[in-house]
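Architecture at a glance
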Amino acid sequence: TEWAACGIACAVLWHYTGWRVLTTARTGEGFDYWVGDAEQLRGLEVSGTLSEDAGEMQRRHREKRQQLFSSLPVGGYVLIVGLARREIILSFHPPEEQIP
């Protein structure tokens, strides 16, 4: 599930943003990958699920959004892949976004 979600995340991110995965994040940075283009760097937090439950995807999205901001205030993307549902949630969160 994890590797499938990562592969889909790479393709979806590039398709919608033109950005690419540049490297894995270090332990404690709060997200999975560093992504960017020639001018900017941001974080990317990826999660995949085999659940058929739409609520599970929304819950996971909220958790991963909080995780994105848990350490470095760089902002970035959260991408949730629902493999069983054939659904993706992709959201951008600027560095200045406040977590309620």
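As a reminder, the structure under discussion sits directly above these lines.
Scoring rules and cut-offs
Residues numbered from 1 in each chain as written. Predicted model: local features only at pLDDT ≥ 70, side-chain atom pairs only at ≥ 80, totals over all residues. Heavy atoms only, no water. Helix = DSSP H or I, 4+ residues; strand = E, 2+ residues; numbered from the N terminus. Rg over C-alpha atoms; globule rule 2.2 N^0.38 Å. Areas by Shrake-Rupley, 256 points an atom, 1.4 Å probe, with all protein chains shown as cover. Lys, Arg positive; Asp, Glu negative; His and termini not counted. Charge placed at Lys NZ, Arg CZ, Asp CG, Glu CD. Expected span 1.5 Å × (residues − 1). Contact = heavy atoms within 4.5 Å. Buried < 20%, exposed > 50% of the residue type's maximum accessible area, 1.4 Å probe, protein only. Arc of directions from axis to C-beta. Polar contact = N/O pair within 3.5 Å; in protein donor to acceptor, adjacent residues only side chain to side chain. Pairing = 2+ DSSP bridges. Axes fitted to C-alpha atoms, helices over the stretch in contact; angles between N-to-C directions.

A few words on the overall build of the chain. Scanning the chain from N- to C-terminus turns up two helices and five strands. In the chain, the succession of helices and strands from N to C terminus is α-β-β-β-α-β-β. For the chain, the C-alpha radius of gyration of 13 Å lies close to 13 Å, the compact-globule estimate for 100 residues. Structurally, the chain occupies a C-alpha span of about 35 × 30 × 25 Å along its principal axes. When the accessible surface of the chain is summed, it comes to about 5800 Å², and 51% of that surface belongs to carbon and sulfur atoms. Side-chain charges of the chain comprise 10 positive and 13 negative groups, with the mean position of each set lying 2 Å from the other.

Now for helix H1 (residues 2-17). Its 16 residues place the ends of H1 22 Å apart at the C-alpha level, agreeing with the 22 Å of an ideal helix rising 1.5 Å per residue. Elements that come into contact with the buried residues of H1 comprise strand S2 (33-36), strand S3 (41-49), strand S4 (76-82) and strand S5 (87-93). Gly-18 lies just past H1 and shows a positive phi near 80°.

It is worth spelling out helix H2 (residues 54-68) at this point. With 15 residues, H2 should reach 21 Å at 1.5 Å per residue; the first-to-last C-alpha distance of 21 Å fits that figure. Every buried residue of H2 is accounted for by Glu-56, Met-57, Arg-60, His-61, Lys-64, Arg-65 and Leu-68. Viewed end-on, H2 has its buried residues packed into an arc of 165°, placing them on one side of the element. The elements touched by buried residues of H2 are S3, S4 and S5. Between a side-chain oxygen at the N-terminus of H2 and the backbone nitrogen of Gly-55 the separation is 3.0 Å; the capping residue is Asp-53.

To continue, consider the sheet that holds S4. In space, the five strands of this open sheet follow the order S1-S2-S3-S4-S5, with mixed pairing throughout. Of all strands in the sheet, those bounded by a partner on one side alone are strand S1 (20-24) and S5. Mean inter-strand twist for the sheet, computed between neighbouring axes without regard to direction, equals 30°. Most of the contacts of H2 go to S4, to which it runs at about 155°, and overall it touches S3, S4 and S5.

The subject of this paragraph is the pairing of S5. When S4 meets S5, the two strands line up antiparallel, connected through seven bridges. Its bridge partner lying in S5, Val-81 is registered against Ile-88. Once S4 ends, the chain turns through four residues before running back antiparallel as S5, passing Arg-86 with a positive phi of about 55°.

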